[in-house]
Amino acid sequence: LNMNCVYCNDTKYSQSYLPSTTFNGKKFNYLKCKNCEVIYINPLPDEDDYIKMYPPSYQSGIDRTLLKDPYKKLPGLRFSYGFQFDLIKKHFSETAAIFDYGCGNANFLINAKEKGFMCDGAEFNQTHVDLLKKEIPTSSFYTIDQFLLNTTKKYSVIRLSNVLEHLHNPHEIILILSSKLAANGILLIEGPLECN
């Protein structure tokens, strides 16, 4: 059970109130950092776990639904698309370049493009990325590794929606993502509504 906190790197922890879970033949414990109080799992999932968690079927394809009311909050999101669009417009023009890191079924990206934003995205699974490229050829799509390691394009906004809590190395990823921001660019991060 010895593992540093994934957020503050502290070594002191206690068991959290969440019960352990078994997945892919492994037991995962929920620990609470005594320093920053974040709850994290131990051990962290490995590549095989992620492949089983996020197969191509996980995203259920592409969601082309254009929202009639972008201010109506969707299930599982903390902020409505309309709120996010307004926030982006407050800092940038309506043609701001947005990168959706963990774009999923591309619904945010499709709605952002409808509002005039330029949008690209990244996802974990190569098969899903291939589908995104085929179905939305006016945007660029990458696997997470391709984007982190091989792209030089800069974006006004990099959005992470329900992604931060999945990262093994959030400090490292945030630093890399920050380096891909244009001058005065912003990270737009929202987390899940669940208690964890």
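Attention here is on the structure that accompanies the text. (Residues numbered from 1 in each chain as written. Predicted model: local features only at pLDDT ≥ 70, side-chain atom pairs only at ≥ 80, totals over all residues. Heavy atoms only, no water.)

1. Some words on the overall build of the chain
Quick reminder of the rule: Each helix is a run of H or I in the DSSP string that is no shorter than four residues. Each strand is a run of E no shorter than two, and both are numbered from the N terminus. The globule rule is 2.2 Å times the number of residues to the power 0.38, and the radius of gyration it is compared with is taken over C-alpha atoms. Any two residues whose heavy atoms approach within 4.5 Å at even a single point are treated as in contact. Computed with a 1.4 Å probe, the accessible areas rest on the Shrake-Rupley method; for each residue, only the protein chains presented here act as cover. This count recognises Lys and Arg as positive and Asp and Glu as negative, with His and chain-terminal groups excluded. Charge positions are represented by NZ for Lys, CZ for Arg, CG for Asp and CD for Glu.
The secondary structure content of the chain amounts to six helices and nine strands. Relative to the 2.2 N^0.38 estimate, which gives 16 Å for 196 residues, the radius of gyration of the chain is 18 Å and therefore close to what a compact globule would have. Seen through its principal axes, the chain has C-alpha atoms that stretch 50 × 35 × 35 Å. Considering only residue pairs separated by 6 or more positions, the chain has 57% of its internal contacts joining residues 24 or more positions apart. For the chain, the exposed surface amounts to about 10600 Å²; the carbon and sulfur share of it is 53%. Taking the 21 positively charged and 21 negatively charged side chains of the chain as two groups, their mean positions are separated by 3 Å.

2. Considerations on the packing of aromatic side chains
Which entries qualify depends on this criterion: A pair of Phe, Tyr and Trp rings is counted when the ring centres sit within 6.5 Å of each other, with Trp represented by its six-membered ring. The angle between the planes then sorts it: under 30 degrees is stacked, over 60 is edge-to-face, the rest tilted. Only protein chains enter the calculation, and the probe is 1.4 Å; a residue is then buried if its accessible area is under 20% of its type maximum, exposed if over 50%, and partly exposed in between. Placement of a charge over a ring requires the Lys NZ or Arg CZ to be within 6 Å of the ring centre, with the centre-to-atom vector within 35 degrees of the ring normal.
In this structure the tally under the stated criterion is 12 aromatic pairs. Relative to Phe147, the ring of Phe99 lies with its centre 3.7 Å away and its plane at 10 degrees, an arrangement referred to as stacked. Here Phe99, found in strand β5 (residues 97-101), pairs with Phe147, found in helix α5 (residues 144-150); they are 48 residues apart in sequence, far enough to count as distant. On the basis of relative accessible area, Phe99 is assigned to the buried category, the value being 0%. The residue whose ring lies beneath Lys180 is Phe147, and the NZ or CZ to ring-centre distance is 5.1 Å.

3. Comments concerning the pattern of salt bridges
Inclusion rule: In the sections that follow, a salt bridge refers to a side-chain nitrogen of Lys or Arg positioned within 4 Å of a carboxyl oxygen of Asp or Glu.
Going through the model one piece at a time under the given rule, you end up with eight salt bridges. Between Glu135 and Arg64 there is a salt bridge, with the nearest N and O atoms lying 3.2 Å from each other. Taken as a pair, Glu135 in helix α4 (residues 126-135) and Arg64 in the loop between α1 (47-53) and α2 (81-91) lie far apart in primary sequence, 71 residues in all. For Arg64, a relative accessible area of 44% corresponds to the partly exposed category. Close ionic contact of Asp100 with Arg159 constitutes a salt bridge, the shortest N to O distance being 3.1 Å. Of this pair, Asp100 sits in strand β5 while Arg159 sits in strand β8 (residues 155-161), and the two are 59 residues apart along the sequence. Judged by relative accessible area, which is 1%, Asp100 ranks as buried. Judged by relative accessible area, Arg159 falls into the buried class, the value being 4%. Through salt bridges with shared partners, a single network forms among Lys26, Asp46 and Asp49.

4. Quick look at the environment of Thr151
Condition: Polar contacts, as used here, are pairs of N or O atoms within 3.5 Å; protein pairs need one atom able to donate a hydrogen and one able to accept it. Residues neighboring in sequence count only if both atoms are side-chain atoms.
Topologically, Thr151 is positioned in the loop between α5 and β8. Between the C-alpha atom of Thr151 and that of Lys180, which follows or precedes it by 29 residues, the distance is 8.3 Å. Side-chain polar atoms of Thr151 contact the backbone oxygen of Phe147, separated by 2.7 Å.

5. Let's talk about the nonpolar core
Spelled out, the test is: For the purposes of this section, nonpolar cores are sets of buried Ala, Val, Leu, Ile, Met, Phe, Trp, Tyr and Cys residues that join through side-chain atoms within 4.5 Å.
Ile88, Ile98 and Ile136 are the most contacted members of the largest nonpolar core, which totals 22 residues. Those elements that place two or more of their residues in this core are α2, α3 (107-114) and α4. No other element matches the four residues that α3 contributes to this core. Judged by nonpolar contacts, the second largest core, of 16 residues, contains Ala97, Ile144, Ile158 and Leu167.

6. Some thoughts on the sheet that holds strand β9 (residues 181-190)
By definition, the strands of a sheet pair up through backbone hydrogen bonds, in either a parallel or an antiparallel sense. Condition: Any two strands between which DSSP finds at least two bridges are classified as paired. Lines fitted to C-alpha atoms define the axes, with helix axes restricted to the stretch in contact, and inter-axis angles between N-to-C directions lie between 0 and 180 degrees.
Pairing in this open sheet of five strands is parallel, and the strands run β7-β6-β5-β8-β9 from one edge to the other. The open sheet is flanked by β7 (141-143) and β9, the only strands paired with a single partner. If you compare each strand with its neighbour and ignore which way they point, the axes differ by 20 degrees on average. The strands touched by α2 are β5, β8 and β9; relative to β9, the strand with the most contacts, the crossing angle is about 160 degrees.

7. A short note on the pairing of strand β3 (residues 26-33)
The side chains of a regular strand alternate, first on one face of the sheet and then on the other. Two strands pair when backbone bridges link them, and strand β1 (residues 13-15) and β3 are joined in this way by three bridges, in the antiparallel orientation. Bridge assignment links Gln15 to a residue of β3, and that residue is Leu31. Bridging between strand β2 (residues 21-23) and β3 involves three bridges; their strand directions are antiparallel. Paired with Phe23 across the strands is Lys26, a residue of β3.

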